[in-house]
Amino acid sequence: MLRAHVMLAPRAAPGAALLPRGPRPSPRRRRADLVPRGADGGERRGARYGLADLVALSVASTVGSGVFSLAGRVASQEAGPAVVLSLGIGAMGCLLSATAYAELASRVVAAGSVYAYAQATGLGRSAMAVAALCLIVEYSWSCAAVSVDWSGKLLRADFGLPFLQVLDPAVLLVLFCTGLLINGTKASRLFTNVSTVAKVGLILFLIATALMAFDAKNLQPFIPEEYGISGILRGATDSFFGFLGFDAVCALALDTKDARRVVPNALFLGLFVSGGLTCLAGFALVSAVPASRLDPAAGFVSAFEILGNDFAAAVVTVGELLVLPVVAFGCLLPLGRLLCCLAEDGFLPAPLARRDASDEPLLATLLGGAATAICAGLVPFEDLNDICSAAVLSCFILASVSAVVSRQEGALQEQLRGLLAVFVPCTFFCLLLLSPRWTTDTALAPMLVRQLGGEPTALLELIALLLASAAVSCAVKVQELAQAPSSGLAFPPAVHLAAVVGSAALLTTLPAFSLVSCSAALVAVWVAST
Ligand SMILES: NC(=[NH2+])NCCC[C@H](N)C(=O)O
C-alpha cells in the first residue's frame, strides 16, 4: 500500500520559488532534497564526487555500442557514409532532452533522477510510478543488454576459456559490477576513471588509425540512393541507443559536491565528449573503407581487416572487451540508489532503504544486481535493446514535461497541466500517423490501418497535419505561460516541447512501444486507484 507521501512539502505561494522552503528533510532520508541551499549551492557532508568524476561516469556509461557496434551496422545497412548524419541526429535528440535534465538538476538535488523530478514538480503519484518503472527498466535492462553484447564479443573472440562453456559471461559481468558496487565508492570511482581513460585512449587510437587511411572516394555518394533520407532517419533511431546513459550522473546528485552547479555541467560536458567521440569515430570508419564492405556485426575490426592492419584489428578486439564492462557498470550504479529511494518513499519494502556503514544502499544494490543478472541470462539482446529504448524515451518525455510544468505554481500550474494534457496526446497521435513517412513501416498507425484492410492515405495525413497545427498552437500557449523559474537554469519551453515531440516520434517506431506504454498505463491506473 502506498503511503500518502508524494507531495513532499507544502506548496509555495504563487510566484514563490519553485521548490518549497519547507523544513529540511532529515539527512537519512534520501528523497528529493527540495530545499534550495546556500548561495554557493550547498554541499552535503560526505559528498564525494566532483565534476571530473561525473564527466568520467557520463562518458563511461554512454560511449560503447555507438562506436563499437552501431556505427558499423548503420553504415553498412541503413545510411552508408551518411551514418555521420544519423549519429548527429541521435546526438542532437539526446542533447534536447539533456536540457530538461540539466534544468531540473539545477533546482532539485535528489538521487532518483526523473522519478525525483516528477515528485518535486508535483506531477502526481501516477507519473512518479511510471517514472520509477521506466527508470528501473532502463537501468537494469540496458545493463543486461550491454552485458549480452559484451558476452557475444567475448565468445566470438574465442580465447578458449573452458569455464565460459558452463557460465554465461553476461551473467558473470553483471555479478562482477554488483560486487564492485558493494565494495564502495572508492573501488567504483577507481574502476570508472581508469576504464574511461582507457576507453577514450582506445577510441582516439582507432579514429587516428582509420583517418590515416582516409580516402574521399569512400564518401561518394554521401547518401546512397538505395538508402535515402529515410535510411538516415532509420539509422538515427538505431544509433540513439549509443548516446543513452548521459543521465546516469543525475542519480549521483546527493553524492556530489555543489550538485546544483556540477550536475548540469557534467550532463552537457559528458554528452559533448561522448557525442563528439562517437560522431568522429563514425566519420573515420566510413572514410577509411567503403561502407558497403563493412561487416555489420564487427565495424572497426572488419574495417582494419579490410585495410590489412591486423595489429589495429587485434587492439580493437581486445580493447573493446576491456572497456565495455564499464558501460554495464554505469547502468547498474544508479539502480541501487533508485531502489533505495523508492523504498524510503514507501513504493518498495522498507528493508531496501537500509545503508551500510559507508552509506551505500547495500541491499538495494544486491537486489538490483541479482534481478539484472537473471535478465541478462534469459532475455534475447534485441528485446532488451528495444524495451530499454522505449523506457528511456518515456523518461525523456517525463523529464521535459516536468521541466515545463515546474515553471508554474498554483492556478497557473493547473492551466499548464491542462494544456499539456491536450498537447501531448495530440502530438503523439499525429506522430503515430505521420511517422511511417519519416522512419519505418512498422509504426503503429499504418500497421493498424493495414490490419483493417486499408492503406495509410493522404486523408489520414491531412488529419495528422490538422492535429499537428493544434499541437503547435498549444505549444505557443505553453510558451506564453511558462515563466522563467526563480532559480537555476531555464531553457526556452519550446526546446522541451521539441524534445517531447522528438522522443514521441522515436517511441512510435519501436516494436516494444506498445508493451512499455501498456505496462506504464497499467501501473499509473493501479497507483492512482490505491
Ligand atoms: N542508462 C542507459 N540507458 N545506459 C545504456 C547505455 C548504452 C550505451 N550508450 C552504449 O552504447 O553501449
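Residues numbered from 1 in each chain as written. Predicted model: local features only at pLDDT ≥ 70, side-chain atom pairs only at ≥ 80, totals over all residues. Heavy atoms only, no water.

As annotated in an unreviewed UniProt entry, the protein carries the name Cationic amino acid transporter and is attributed to Durusdinium trenchii. Here is the UniProt Subcellular location (unreviewed entry) comment for the protein, exactly as written: "Membrane". (UniProt positions renumbered as here; feature names shortened; annotations may be inferred.)

A. A look at the packing of aromatic side chains. Applying the stated criterion across every chain yields a total of 11 aromatic pairs. Ring geometry for Tyr101 versus Phe246: centroids 5.9 Å apart, planes at 85 degrees, classification edge-to-face. Of this pair, Tyr101 sits in helix 3 (residues 83-105) while Phe246 sits in the loop between helix 8 (228-239) and helix 9 (259-288), and the two are 145 residues apart along the sequence. Seen in terms of ring centroids, Tyr115 and Phe347 are 5.9 Å apart; in terms of plane orientation they differ by 90 degrees. Their pairing is edge-to-face. (Phe/Tyr/Trp six-rings, centres within 6.5 Å; stacked < 30°, edge-to-face > 60°. Helix = DSSP H or I, 4+ residues; strand = E, 2+ residues; numbered from the N terminus.)

B. Representation of helix 4 (residues 113-120). The buried fraction of helix 4 is high, at 8 of 8 residues. Inspection of helix 4 places Ser113, Val114, Tyr115, Ala116, Tyr117, Ala118, Gln119 and Ala120 among the buried residues, and these make up the whole buried set. Immediately downstream of helix 4, the backbone of Gly122 shows phi near 70 degrees, a positive value. (Buried < 20%, exposed > 50% of the residue type's maximum accessible area, 1.4 Å probe, protein only.)

C. Region of the structure containing the nonpolar core. Judged by nonpolar contacts, the single largest core of 159 residues is most densely connected at Tyr101, Tyr115, Leu206, Val263, Phe300 and Phe396. With 17 residues, the top contributor of residues to this core is helix 5 (residues 125-157). Beyond its immediate stretch of four places on either side in the chain, Phe300 contacts Val67, Leu206, Ala210, Ala281, Leu285 and Val316. (Core = buried A, V, L, I, M, F, W, Y, C linked by side-chain atoms within 4.5 Å. Contact = heavy atoms within 4.5 Å.)

D. Layout of unusual backbone geometry. For the bond running from Gln220 to Pro221, omega is -15 degrees, close enough to zero to count as cis. Following the sequence through the fold, Pro221 ends up in the loop between helix 7 (185-212) and helix 8. With phi around 50 degrees, Asp258 is a residue other than glycine that occupies positive phi space. With respect to the helices, strands and loops of the structure, Asp258 is situated in the loop between helix 8 and helix 9.

E. Spatial organisation of the packing of helix 4 against helix 5. Where helix 4 meets helix 5, the axes come as close as 8 Å, and the angle between the chain directions of the two elements is 170 degrees. The angle between the axes of helix 4 and helix 5 places the two elements in the roughly antiparallel class. Between helix 4 and helix 5, the residues in contact are Ser113, Val114, Tyr115, Ala118 and Gln119 and Met128, Ala131, Ala132, Leu135 and Tyr139, respectively. Of the residues in the contact of helix 4 with helix 5, the class split is 8 nonpolar, 2 polar and no charged. (Axes fitted to C-alpha atoms, helices over the stretch in contact; angles between N-to-C directions. Parallel < 35°, antiparallel > 145°, perpendicular 65-115°, else oblique. Nonpolar A, V, L, I, M, F, W, Y, C, P; charged D, E, K, R; others polar.)

F. Looking closely at the confidence of the model for the protein. Residues at a pLDDT of 70 or more form 78% of the protein, whose mean pLDDT is 79. Considering each helix and strand of the protein separately, the mean pLDDT is smallest for helix 16 (residues 444-451), with a value of 62, and largest for helix 9, with 94. Counting contacts from residues 1-45, a segment whose pLDDT is below 50, to residues more than four positions away or on other chains yields 99 contacts. For this predicted complex, the interface score ipTM comes out at 0.97, while the overall pTM is 0.82. (pLDDT = per-residue confidence, 0-100.)

G. Just empty space enclosed by the protein, in detail. The tally for this structure, following the rule as stated, stands at 5 cavities of 30 Å³ or more. Reported here for the largest cavity is a volume of approximately 180 Å³. Taken together, 20 residues make up the lining of the largest cavity; nearest its centre are Ser61, Ser142, Leu244, Gly245 and Cys331. Put simply, the parts of the chain that give the lining of the largest cavity at least two residues each are helix 1 (51-62), helix 2 (65-79), helix 5, helix 12 (325-344) and helix 14 (381-405). When residues of the lining of the largest cavity are assigned to their parent elements, the largest contribution, 4 residues, is made by helix 5. Residues belonging to the lining of the largest cavity are distributed by class as follows: 9 nonpolar, 9 polar and 2 charged. (1 Å grid on protein atoms, 1.4 Å probe; cavity = no way out; pocket = protein on both sides within 12 Å on 5 of 7 lines; lining within 4 Å. Points joined across faces, edges and corners; volume = space filled by probe spheres on them.)

H. Structural view of a nonpolar patch on the surface. A cluster of nonpolar side chains, contributed by Leu85, Phe222, Ile223 and Ile229, occupies part of the molecular surface with about 330 Å² of accessible area. Mapped onto the elements, Ile229 comes out in helix 8. The class for Ile229 is exposed, based on a relative accessible area of 56%. (Patch = residues over 30% accessible without salt bridge, like charges linked within 9 Å, V, L, I, M, F, W, Y side chains within 5 Å. Areas by Shrake-Rupley, 256 points an atom, 1.4 Å probe, with all protein chains shown as cover. Salt bridge = Lys/Arg side-chain N within 4 Å of Asp/Glu carboxyl O.)

I. Structural context of the environment of Pro361. Relative to the elements of secondary structure, Pro361 occurs in the loop between helix 12 and helix 13 (362-378). Accessibility expressed as a relative area gives 0% for Pro361, which makes it buried. Apart from the residues within four sequence positions on either side, Pro361 is in contact with Gly336, Arg337, Cys340, Arg354 and Arg355.

J. Molecular detail of the environment of Gly64. With respect to the helices, strands and loops of the structure, Gly64 is situated in the loop between helix 1 and helix 2. Residue Gly64 is classed as buried on the basis of its relative accessible area of 1%. A sequence separation of 164 residues divides Gly64 from Gly228, and the C-alpha atoms of the two residues are 27 Å apart.

K. Here's a closer look at the site of the ligand. Taken together, 13 residues lie around the ligand, and Thr62, Ser65, Glu138, Phe241 and Leu244 are the ones closest in. In this structure, a nitrogen atom belonging to the ligand sits 2.9 Å away from a side-chain N or O atom of Glu138. The contact in question runs from a nitrogen atom of the ligand to an N or O atom on the side chain of Ser142, over 3.5 Å. A majority-of-atoms criterion places the ligand in the largest cavity. Of all the secondary-structure elements, those providing two or more residues to the shell around the ligand are helix 1, helix 2, helix 5 and helix 12. (Near = heavy atom within 4 Å. Polar contact = N/O pair within 3.5 Å; in protein donor to acceptor, adjacent residues only side chain to side chain. Sits in = over half its atoms within 2 Å of the grid points.)

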